[in-house]
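# Architecture and fold: a report
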Amino acid sequence: MEKVPAVGTIAKIPAVGLGTWKASPGEAAEAVKVAIDAGYRHFDCAYLYHNENEIGAGIRHKIKEGVVRREDLFVVSKLWCTYHEPSLVKMACKKSLKALKLDYLDLYLMHWPMGFQPGEEDVPLDLSGVVIPSDTSFLETWEAMEDLVIKGLVKDIGVSNFNHEQLERLLNKPDLKFKPITNQIECHPYLTQKNLIRFCKAKDVSVTAYRSLGGSREGTDLLNNPTIRRIANHYNKSCAQILIRFQIQRNLIVIPKSTNPKRIQENIQVFDFELTENHMDEIMSLNRNLRLATFPTTESHKDYPFHIDF
Ligand SMILES: NC(=O)c1ccc[n+]([C@@H]2O[C@H](COP(=O)([O-])OP(=O)(O)OC[C@H]3O[C@@H](n4cnc5c(N)ncnc54)[C@H](OP(=O)(O)O)[C@@H]3O)[C@@H](O)[C@H]2O)c1
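Residues numbered from 1 in each chain as written. Predicted model: local features only at pLDDT ≥ 70, side-chain atom pairs only at ≥ 80, totals over all residues. Heavy atoms only, no water.

### Quick look at the packing of helix α7 (residues 226–235) against helix α10 (residues 277–284)
Viewed as axis vectors pointing N to C, α7 and α10 meet at an angle of 160°, and their least axial separation amounts to 10 Å. Classed by the angle they form, the pair α7 and α10 counts as roughly antiparallel. Relative to α10, the crossing made by α7 is left-handed. Between α7 and α10, the residues in contact are T227, I228, R230, I231, H234 and Y235 and H279, E282 and I283, respectively. Split into classes, the residues belonging to the contact of α7 with α10 amount to four nonpolar, three polar and two charged. (Axes fitted to C-alpha atoms, helices over the stretch in contact; angles between N-to-C directions. Helix = DSSP H or I, 4+ residues; strand = E, 2+ residues; numbered from the N terminus. Parallel < 35°, antiparallel > 145°, perpendicular 65-115°, else oblique. Left-handed = near helix turned anticlockwise from the far one by under 90°. Contact = heavy atoms within 4.5 Å. Nonpolar A, V, L, I, M, F, W, Y, C, P; charged D, E, K, R; others polar.)

### Side note on the packing of aromatic side chains
One pass over the structure, following the stated rule, counts 10 aromatic pairs. Measuring from centroid to centroid gives 5.9 Å for W80 and F116, while their planes differ by 85°, and the two rings are edge-to-face. Of the two residues, W80 sits in the loop between β5 (74–79) and α3 (86–100) while F116 sits in the loop between β6 (105–110) and α4 (138–150), which places them 36 residues apart along the sequence. For W80, a relative accessible area of 2% corresponds to the buried category. Overall, F116 belongs to the buried group, its relative accessible area being 0%. The rings of W80, W112, F116, F295, Y304 and F306 are connected pair by pair, giving a single aromatic cluster. Against the face of Y104 rests K155, its NZ or CZ located 4.4 Å from the ring centre. (Phe/Tyr/Trp six-rings, centres within 6.5 Å; stacked < 30°, edge-to-face > 60°. Buried < 20%, exposed > 50% of the residue type's maximum accessible area, 1.4 Å probe, protein only. Lys NZ or Arg CZ within 6 Å of the ring centre and 35° of its normal.)

### Some words on the environment of D281
In this structure, D281 sits in helix α10. Assessed through its relative accessible area of 39%, D281 is described here as partly exposed. C-alpha separation for the pair D281 and S24, spaced 257 residues apart in sequence, amounts to 36 Å.

### A short note on the UniProt feature "active site" (unreviewed entry) in the chain
The positions that UniProt labels "active site" (unreviewed entry) are, in the present scheme, Y49. Tracing the backbone through its elements, the reader meets Y49 in the loop between β4 (42–44) and α2 (52–64). By relative accessible area, which is 14% here, Y49 ends up buried. Non-local contacts of Y49, meaning those with residues more than four positions away in its chain, are made with T20, W21, D44, K78 and H111. (UniProt positions renumbered as here; feature names shortened; annotations may be inferred.)

Structure representation (structure tokens):
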């Protein structure tokens, strides 16, 4: 297992960021304020989460207080699938910027490789409950995202939920102007993603791990897994801290979500201990290729990413 420095950034991205999915509008601003005070500088946001307005208020509050400057922060947002038409990309990005009250994003991700029919519905479904696709390709969507970099609206661009073939297609795109700096993917001990991570590293694309705690409401027991619990006891740390540290030692960026002040603080206290190689191996061996974020209504989409192994 390769060693990494305890604190730091990976491919310009602070190694621990605050996840914000399901942070309700009522709690998101406060969570951001607590997180900034606790030392977070990286915020993982998305148009889809419908809370960017409140996150922006939290950020603005802390900048006004003089606790941080805009340039100290690393703010990420994501292009939702109903905005894949190249003509919609800039407008979608501007919507997120306006809500976040920022004039640039540090990173803008294509949330999924799949384009959906544009409109009011985030996930437009036909009468049989299947997503209605758009006829876009992620390569043309990417070109429109490249324009955002050129126009100065975003510093970098990346992807999320891309399998290795999709990433390869993007990297091999003729006239590619900007490479994706990260692929944000589901990753935790039950879905260790060894092959996709190896592929991304070989292509010099960083990996950001989402749902690293197993996302409590999705029915996994990761935070109660006996192996994780035993290892946590050994280091006198919480199970969440072990799950986060595990990803950092794999050289991944990790974005645990919490709106609870105590847990927000706990989740970034992961730089004062190091898991042994044996403990890392033991956690790796929990892999059971269990994917939680399967997005079933999109399984028939031409760009559905999870029909192949990695
Ligand atoms: N690109 C994508 O398609 C995609 C998909 C999913 C997620 N994401 C991003 O990744 C982030 C993280 O993933 P996630 O939100 O699905 O799941 P997660 O971070 O694995 O788990 C979040 C859950 O764990 C709880 N929790 C947090 N810290 C804890 C601790 N120290 N002890 C016990 N429980 C704790 C949280 O509850 P409390 O809030 O009550 O603490 C919340 O219910 C998201 O918020 C989002 O930003 C991206």
